Amino acid sequence: MTQRFGKVLGQMLPAGNTLLLEGDLGTGKTSLIQGLGKGLGISDAIVSPTFTLINEYHDGRVPLYHLDLYRLTSQQVDELYLETYWQGIEVPPGIVAIEWSERLLHRPSSYLFITLSHQEESRQATLQAVGSDQNLDLDQIPLALNSTSA
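Please read all numbers here as calculations on a predicted model, not as lab measurements.

Rules used throughout
Residues numbered from 1 in each chain as written. Predicted model: local features only at pLDDT ≥ 70, side-chain atom pairs only at ≥ 80, totals over all residues. Heavy atoms only, no water. Helix = DSSP H or I, 4+ residues; strand = E, 2+ residues; numbered from the N terminus. Buried < 20%, exposed > 50% of the residue type's maximum accessible area, 1.4 Å probe, protein only. Pairing = 2+ DSSP bridges. Axes fitted to C-alpha atoms, helices over the stretch in contact; angles between N-to-C directions. Parallel < 35°, antiparallel > 145°, perpendicular 65-115°, else oblique. Left-handed = near helix turned anticlockwise from the far one by under 90°. Contact = heavy atoms within 4.5 Å. Nonpolar A, V, L, I, M, F, W, Y, C, P; charged D, E, K, R; others polar. 1 Å grid on protein atoms, 1.4 Å probe; cavity = no way out; pocket = protein on both sides within 12 Å on 5 of 7 lines; lining within 4 Å. Points joined across faces, edges and corners; volume = space filled by probe spheres on them. Salt bridge = Lys/Arg side-chain N within 4 Å of Asp/Glu carboxyl O.

Visitor: What should I look at first to understand the overall build of the protein chain in this one?
Guide: The secondary structure content of the protein chain amounts to five helices and six strands. For the protein chain, the α and β elements follow one another from N to C terminus as α-β-α-β-β-α-α-β-β-β-α. Counting across all 150 residues of the protein chain, residues that qualify as buried make up 45%.

Visitor: What is the right way to read the sheet that holds strand β4 (residues 95-99) from this model?
Guide: Two modes of strand pairing occur in sheets, parallel and antiparallel, and in both the strands are linked by backbone hydrogen bonds. Judged by pairing direction, the sheet is mixed, and its six strands sit side by side in the order β2-β3-β4-β1-β5-β6 without closing on themselves. Looking along the sheet, the strands with just one partner apiece sit at the ends: β2 (54-57) and β6 (122-130). Strand after strand, the sheet turns through a mean of 15 degrees between neighbouring axes, direction not considered.

Visitor: Can you walk me through the packing of helix α1 (residues 2-12) against helix α2 (residues 29-40) in this structure?
Guide: Geometrically, a packed helix pair is captured by the angle between its two axes and the distance between the axes. Following both chains from N to C, one finds α1 and α2 inclined at 40 degrees, their axes separated by 6 Å at the closest point. Comparing their axes, α2 and α1 come out oblique. Considering the relative orientation of α1 and α2, their crossing is right-handed. On α2, the residues that touch Thr-2, Gln-3, Phe-5, Gly-6, Lys-7, Leu-9, Gly-10 and Gln-11 of α1 are Ser-31, Leu-32, Gln-34, Gly-35, Leu-36, Lys-38, Gly-39 and Leu-40. In terms of residue class, the contact of α1 with α2 is built from five nonpolar, nine polar and two charged.

Visitor: What am I meant to see in the pairing of β4 here?
Guide: Every regular strand shows the same layout, with side chains that alternate between the two sheet faces. With five of five residues buried, β4 lies mostly within the body of the structure. Burial of β4 is two-sided: the residues Ile-95, Ala-97 and Glu-99 facing one way and the residues Val-96 and Ile-98 facing the other way are all buried. In the sheet, strand β1 (residues 18-22) pairs with β4 via four bridges, with the strands oriented parallel. In the strand pairing of β4, Leu-21 is matched with Glu-99. Sheet topology places strand β3 (residues 64-68) next to β4; five bridges connect them, and they run parallel. Its bridge partner lying in β4, Leu-67 is registered against Ile-98.

Visitor: Looking at this structure, how should I read empty space enclosed by the protein?
Guide: Think of a ball as big as a water molecule: rolled over the atoms, this probe shows where empty space is left. Per the stated rule, a full pass over the model turns up one cavity of 30 Å³ or more. Within this model, the largest cavity holds a volume of roughly 60 Å³. Ser-74, Val-77, Asp-78, Tyr-81, Leu-82, Glu-83, Trp-86, Leu-104, Leu-105 and His-106 are the residues that line the largest cavity. When residues of the lining of the largest cavity are traced back to their parent elements, those giving at least two are α3 (74-78) and α4 (83-87).

Visitor: In this structure, what is going on with the pattern of salt bridges? I would like to understand it.
Guide: If the charged atoms of two oppositely charged side chains come close together, the side chains can form a pair. Applying the stated criterion across every chain, the model contains two salt bridges. Ionic pairing is found between Arg-107 and Glu-22, a salt bridge with its closest N-O pair at 3.0 Å. Residue Arg-107 is located in the loop between β4 and β5 (111-119), and its partner Glu-22 is located in strand β1; the two are separated by 85 residues in the primary sequence. Given a relative accessible area of 16%, Glu-22 falls into the buried group. Ionic pairing is found between Arg-103 and Glu-102, a salt bridge with its closest N-O pair at 3.7 Å.

Visitor: Help me understand the side chain of Thr-27, please; the structure alone is not making it clear to me.
Guide: Inspection of the secondary structure puts Thr-27 in the loop between β1 and α2. Thr-27 sits in the buried class, given a relative accessible area of 1%. Ignoring anything within four residues of it in the chain, the contact list for Thr-27 reads Leu-116, Ser-117, His-118 and Arg-123.

Given below as structure tokens:
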């Protein structure tokens, strides 16, 4: 279900969106981003950039920038100037997906905040649009999930 949710987001999101993901280990952050890549039409295998910090995928409908901040402190994250990704200054505008986003000292002015958690035998995702310039109708996501196959 987590990958399917990501796939739906990948099919719906335009360039310029940032996803901030939070949740404990094993709640599906990387699985969601793998589905996001499928929805964007990315053919490369998407793996968590835990040691490389950032993986860039340019072969989809729009670029995907996958960041994993798990091994960093907030101060180390701040020194990376990740704003260049969500502002599209030094890279083509795409979708920025950040695992362990609670380590960010500075967030974009607009983003989709996704919290993942374990719920007995399944996972739960909570999605919140923050900021005024989100180009996504959140009400369409459940409809798309119900009509999309894995």
